[in-house]
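For reference, the chains in residue letters:
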Amino acid sequence: MGELMGSRKKDKCKKSKHKDRKRSKDAGDACEVTKGRVRAHFLDGNTGPWAKSLAAQESQNIQGARAEPSPRDRAETNSTEATAASATDRTATVTPTRRGPDYSAPSSIDIVADPVLHALSTRRSISKVDPETPNDSDLLEIIRSISSVADHKSLHPWRFLIIRGNDRNRLGDALDEAAGVVRKPGETNTKPLRAELLLALVSSPVEHDKVPEWEQHVTAAGAGHLLELALWQAGWGVMWRSGTLTNTEPVRRLHRLTDHELLMGWFYIGAVPERYRQRLTTSTRPLPKPEQFLDTL
Ligand SMILES: Cc1cc2nc3c(=O)[nH]c(=O)nc-3n(C[C@H](O)[C@H](O)[C@H](O)COP(=O)(O)O)c2cc1C
């Protein structure tokens, strides 16, 4: 019965296509919209048999195109196999295809002329910064500007810790303790000394019935990326660093983390060295091809 519905709807689409161009396009669009709705219902778990076979077909096409099927595709295939086994009279008659994005209309967005988009697209990490740093009041303004980060239910699950001066040696000691490194008297771990100012990012999720922990970590990571962009735009150099020792006990203890919290690494901050500035004005680092980051279902 479900499959018959599918066949009829498909035929209707075909017939109207032969009448005239305009009606054909409208009918085609309507069919696409219907297919999209059905698929959305299917993925939400409430669907009739026609929707299942439609989505299953699409899932098979996608699997054919991919070397490794995604877990969701696998789940769809499994559910399709179960459906097929219990209703052998049904055969798939609709063959939806993945169409991919449509780039035929030109964009009105200019990432060179727009200062914000330009800053976004030219941002670089500066691995070796000069000693001058923003003061704490500057940092407060930077934090003010990034506190717009997308945050489900405004839980504010992130904070930064300022690490300057001797606190950097305390961080070095904690990293050594975590790694089991014992140094000679007077020797020190120089890694945290690569900048005069470090900001540690703490992701601090809270219990919430609508916002799972992973979403809150995403917000904290977003704050980290915005921090890099804001500092870049304000003229400062920064590099985000972490490592395998980041969430070890001695390092967590130093940052006073509670059990649910995660240390997301440190931002090494300072002035952009003059030689870097020179290089940045002339060097071209091509951006990765954006097509690889965009697709349709
Ligand atoms: C969470 C996170 C941790 C990182 N940790 C390190 C690190 O420990 N060492 C490192 O060399 N780069 C690390 N990176 C990468 C650099 O910050 C930087 O993004 C990379 O060198 C590429 O340079 P770019 O930002 O100019 O593209 C990390 C990036 C992120 C997002």
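Given the structure is predicted, the values throughout are model-derived calculations rather than measurements. (Residues numbered from 1 in each chain as written. Predicted model: local features only at pLDDT ≥ 70, side-chain atom pairs only at ≥ 80, totals over all residues. Heavy atoms only, no water.)

Q: How do you make sense of the overall build of the protein chain when you look at a structure like this?
A: Per the secondary structure count, the protein chain includes 10 helices and four strands. Secondary structure elements of the protein chain occur, N-terminal to C-terminal, as α-α-α-α-α-α-β-α-β-α-β-α-β-α. Put simply, the protein chain has 297 residues, and 34% of those count as buried. For the protein chain, the share of sequence-separated contacts (at least 6 apart) that also reach a separation of at least 24 residues comes to 77%. (Helix = DSSP H or I, 4+ residues; strand = E, 2+ residues; numbered from the N terminus. Buried < 20%, exposed > 50% of the residue type's maximum accessible area, 1.4 Å probe, protein only. Contact = heavy atoms within 4.5 Å.)

Q: What should I look at first to understand the confidence of the model for the protein chain in this one?
A: As a note on interpretation, predicted positions should not be read in detail where pLDDT is low. Taken residue by residue, the protein chain gives an average pLDDT of 80. The fraction at 70 or more is 68%. Residue range residues 38–54 is modelled with pLDDT below 50. Its contacts to residues more than four positions away, or to other chains, number 30 contacts. (pLDDT = per-residue confidence, 0-100.)

Q: Would you mind showing me how to read the sheet that holds strand 2 (residues 197–203) here?
A: Sheets are built from strands paired through backbone hydrogen bonds, the pairs being either parallel or antiparallel. Taken in spatial order, the four strands of this open sheet run 1-2-4-3, and their pairing is antiparallel. Each having just a single partner strand, strand 1 (158–164) and strand 3 (236–241) make up the two edges of the open sheet. When the angles between neighbouring strand axes are averaged without regard to direction, this sheet yields 25°. With seven bridges joining them, strand 1 and strand 2 adopt antiparallel strand pairing. Residue pairing across strands places Leu 161 opposite Ala 200, the latter belonging to strand 2. Strands strand 1 and strand 2 of the sheet are contacted by helix 6 (residues 136–146), whose axis makes an angle of about 160° with strand 1. (Pairing = 2+ DSSP bridges. Axes fitted to C-alpha atoms, helices over the stretch in contact; angles between N-to-C directions.)

Q: I'm lost on the packing of aromatic side chains in this one. Help?
A: One pair of aromatic rings is described through two measures. These are the centre distance and the angle between the planes. Within the structure shown, the criterion is met by three aromatic pairs. Ring geometry for Trp 158 versus Phe 160: centroids 5.8 Å apart, planes at 75°, classification edge-to-face. Taken as a pair, Trp 158 and Phe 160 share a single burial class, namely buried. When the ring of Phe 160 is compared with that of Phe 267, the centres are 5.9 Å apart and the planes differ by 70°; the resulting orientation is edge-to-face. Taken as a pair, Phe 160 in strand 1 and Phe 267 in strand 4 (residues 262–271) lie far apart in primary sequence, 107 residues in all. Per residue, the accessibility class of Phe 160 equals that of Phe 267, and both read buried. Grouped by ring-pair contacts, the aromatic residues Trp 158, Phe 160, Trp 240 and Phe 267 constitute a single cluster. Cation over ring: Arg 241 sits above Tyr 268, and NZ or CZ is 4.8 Å from the ring centre. (Phe/Tyr/Trp six-rings, centres within 6.5 Å; stacked < 30°, edge-to-face > 60°. Lys NZ or Arg CZ within 6 Å of the ring centre and 35° of its normal.)

Q: Can you walk me through the side chain of Glu 228 in this structure?
A: Structurally, Glu 228 can be placed in helix 8 (residues 213–233). Among the residues examined, Glu 228 registers a relative accessible area of 5% and is labelled buried. If sequence neighbours within four positions are ignored, Glu 228 has contacts with Arg 123, Ser 125, Val 238, Met 239, Trp 240 and Phe 267.

Q: Is there a simple way to explain the site of the ligand in this structure?
A: Taken together, the residues surrounding the ligand are Arg 123, Arg 124, Ser 125, Met 239, Trp 240, Arg 241, Ser 242 and Arg 285. Trp 240 has a polar backbone atom sitting 2.7 Å from an oxygen atom of the ligand. In this structure, Ser 242 approaches the ligand through a main-chain N or O atom, which is 2.9 Å from an oxygen atom. Class assignment for the residues of the shell around the ligand results in two nonpolar, two polar and four charged. (Near = heavy atom within 4 Å. Polar contact = N/O pair within 3.5 Å; in protein donor to acceptor, adjacent residues only side chain to side chain. Nonpolar A, V, L, I, M, F, W, Y, C, P; charged D, E, K, R; others polar.)

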